[in-house]
Amino acid sequence: MPEQPLTLDAALSDEAVLSTYRRMFAALARDSGAVVDDPVLVDIAETLFAAFADAGEEWLTHEQMRLACGAYPADQFDNRLRVLKGLGAIREVFPKPNQLRYRASFTSVVGLMFIRRMMDDGGQSEMHRLLALEDLNVADPRTTMEEARQSAAGLARAFRLWALELITLTTGTIEELREQAPKLWGTEEIARRAQSVHGTILTRWPELDRVCTDLRAAIYAYSDASRRAAGRLADSAGTTRNLTLLPTETWRTFAQTATKERLAAVLDGFVFDAPAPWHDPAAIARAVDEAPRPAPAQPTPPRSTLPDPGPDGSLGAAREAAVERLRELAESLLGGESRVALADLLGPDWATARRVLADLTTVDLRPELPYRLAWSDGLTIDPSREPSWLSHGHLERTP
């Protein structure tokens with residue numbers, strides 16, 4: 001089978017199918033993953049049941065079943081056949097060893113027919129059938145009071161849940177209400193049939209007045225909720241003129257059969273905005289590049305009103321003064337000697353000794369000064385003085 005592109009309508013249709021299956025079998029599922037997540041698996045089951053119906057009393061072998069489902073992948077067919085066999089939907093014709101022919105279960109076929117009807121109208125037709133059967137059952141002379149009690153209680157529970165769902169749709173979004181619109185079809189007829197069942201039970205068994213009161217309240221709640229939902233759907237369609245409130249098939253038929261005047265009348269009163277002008281992106285980029293860009297004004301830095309002799313003289317004088325200060329310090333420390341130990345120059349005050357070491361290091365780094373520091377590998381440690389350790393070094397006068 002050639003692969004067809006998945007459209008949005010097809011995806012929504014598949015999801016609607018799976019949603020119906022999940023709700024139908026939620027009470028029987030072992031876990032949330034027990035229901036199929038691919039509509040193709042359901043199509044395989046229907047194809048198999050159709051093949052069994054056509055085969056008649058000849059039944060089908062495994063090869064014939066695979067031939068009937070030749071349009072589907074082999075792995076999906078094997079998976080579906082294994083599940084159908086395990087649940088009893090497909091069984092051997094005769095329970096004996098080496099059985100080659102299989103037959104389909106009537107119950108499974110009827111179940112698929114029931115589900116298809118549930119998908120078509122949201123359970124409306126099934127509710128009509130159920131009420132007709134209940135009306136016949138409660139009118140049957142063989143029906144007991146306990147059976148009538150169970151019937152009334154079950155119908156009351158169903159109508160209350162149905163009314164709650166319709167109330168939720170009424171207060172929800174209009175799109176969700178439109179999707180669930182089939183649940184609003186034939187509500188008056190359903191309520192009439194339910195009232196008939198209620199009247200029959202109450203007439204035959206007056207003792208069941210309490211359960212009949214619950215059933216009557218549930219029927220009224222359902223009628224109330226259905227009228228409110230239908231009213232909101234009609235009001236929304238009349239005020240917003242939402243073209244999606246009708247089924248797709250209705251609009252398709254209307255578009256194929258209506259005249260030009262009727263087609264134009266659908267959009268009568270709508271105002272559409274004029275289309276925005278279209279520009280070539282290259283032209284927009286070129287216009288941006290060629291647009292003149294004004295140069296930002298640069299403010300002039302503020303000037304001092306005091307006279308400024310200039311940086312040359314002040315900086316030169318400061319540099320010469322610093323060199324002269326270092327020279328005087330070195331000569332005072334040497335005291336006319338050509339070499340003196342640093343340990344003799346540092347006193348017990350560490351703050352003063354730190355300044356002396358900093359100045360002597362600066363003297364050593366000045367090439368224009370005839371002094372240098374000479375360090376040896378020795379180290380003297382005395383915890384009682386500060387600093388507690390001294391490197392062996394000398395201040396020397398260079399020639």
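Residues numbered from 1 in each chain as written. Predicted model: local features only at pLDDT ≥ 70, side-chain atom pairs only at ≥ 80, totals over all residues. Heavy atoms only, no water.

(A) View of the packing of helix 7 (residues 145–171) against helix 9 (residues 187–204). Running from N to C, helix 7 and helix 9 point in directions that differ by 150°, and their axes come no closer than 11 Å. Taken together, the axis directions place helix 7 and helix 9 in an arrangement best described as roughly antiparallel. In terms of crossing hand, the pair formed by helix 7 and helix 9 is left-handed. Contact with helix 7, carried on its side by Ala148, Ala152, Leu155, Phe159 and Trp162, involves Ile190, Ala194, Val197 and Ile201 of helix 9 and no other residues of that element. (Axes fitted to C-alpha atoms, helices over the stretch in contact; angles between N-to-C directions. Helix = DSSP H or I, 4+ residues; strand = E, 2+ residues; numbered from the N terminus. Parallel < 35°, antiparallel > 145°, perpendicular 65-115°, else oblique. Left-handed = near helix turned anticlockwise from the far one by under 90°. Contact = heavy atoms within 4.5 Å.)

(B) Spotlight on the pairing of strand 6 (residues 389–397). Taken together, the three bridges between strand 4 (residues 339–341) and strand 6 define a ladder with antiparallel strand orientation. Residue pairing for strand 6: Arg339 is matched across the bridge by Glu396. Here eight bridges tie strand 5 (residues 371–381) to strand 6, and the two strands are oriented antiparallel to one another. When the sheet's bridge partners are listed, Leu379 is paired in strand 6 with Ser391. (Pairing = 2+ DSSP bridges.)

(C) Structural context of the nonpolar core. Phe159 and Ile201 are the most contacted members of the largest nonpolar core, which has 31 residues in total. Mapped by element, the contributors of at least two residues to this core are helix 6 (124–139), helix 7, helix 8 (174–179), helix 9 and helix 10 (209–240). With residues near it in sequence (within four places) discarded, Ile201 still touches Val138, Ala148, Ala152, Leu208 and Cys212. Judged by nonpolar contacts, the second largest core, of 19 residues, contains Ile44, Ala51, Leu60 and Phe77. (Core = buried A, V, L, I, M, F, W, Y, C linked by side-chain atoms within 4.5 Å. Buried < 20%, exposed > 50% of the residue type's maximum accessible area, 1.4 Å probe, protein only.)

(D) Summary view of the environment of Leu379. Note that Leu379 resides in strand 5. Of the residues examined, Leu379 reaches a relative accessible area of 48% and is grouped as partly exposed. For the pair Leu379 and Trp389, spaced 10 residues apart in the sequence, the C-alpha separation amounts to 6.9 Å. Beyond its immediate stretch of four places on either side in the chain, Leu379 contacts Trp389, Leu390, Ser391 and His392.

(E) Looking closely at the sheet that holds strand 6. The strand order across the open sheet formed by three strands is 4-6-5, and the pairing between neighbours is antiparallel. At either margin of the open sheet sits one strand with a lone partner, and together these are strand 4 and strand 5. The average angle at which neighbouring strand axes cross in this sheet is 20°, direction not considered. Against the sheet, helix 16 (residues 350–365) contacts strand 5 and strand 6, and its axis sits at roughly 135° relative to strand 5.

(F) Summary view of the pattern of salt bridges. If you walk through the whole model with that rule in mind, you get 11 salt bridges. Here Arg327 makes a salt bridge to Glu324, at a shortest N to O gap of 3.9 Å. Placement of both Arg327 and Glu324 in helix 14 (residues 311–334) is noted, with a separation of three residues, approximately one turn of the helix. Given the relative accessible area of 38%, Glu324 is considered partly exposed. Put simply, Asp359 and Arg325 hold a salt bridge, and the shortest N to O gap is 3.5 Å. Taken together, the residues span a long stretch of sequence, with Asp359 in helix 16 and Arg325 in helix 14 at a distance of 34 residues. Here the salt bridges do not stand alone but share partners, grouping Glu189, Arg192 and Arg193 into one network. (Salt bridge = Lys/Arg side-chain N within 4 Å of Asp/Glu carboxyl O.)

(G) Quick look at the packing of aromatic side chains. Evaluated as defined, the whole model comprises three aromatic pairs. Ring geometry for Phe159 against Trp162: centres 6.4 Å apart, planes inclined by 20°, an arrangement best described as stacked. Here the residue Phe159 and the residue Trp162 both occupy positions in helix 7, the gap between them amounting to three residues, near one helical turn. What makes Phe159 buried here is its relative accessible area of 0%. Owing to a relative accessible area of 11%, Trp162 belongs among the buried residues under this scheme. Summarising the aromatic geometry, the rings of Trp162 and Tyr222 are spaced 4.8 Å apart at their centres and angled 40° between planes, so their arrangement reads as tilted. With Trp162 in helix 7 and Tyr222 in helix 10, this pair connects stretches of sequence that are 60 residues apart. In terms of burial, Trp162 and Tyr222 fall into one category: buried. Aromatic rings pair up to connect Phe159, Trp162 and Tyr222 into one cluster. (Phe/Tyr/Trp six-rings, centres within 6.5 Å; stacked < 30°, edge-to-face > 60°.)

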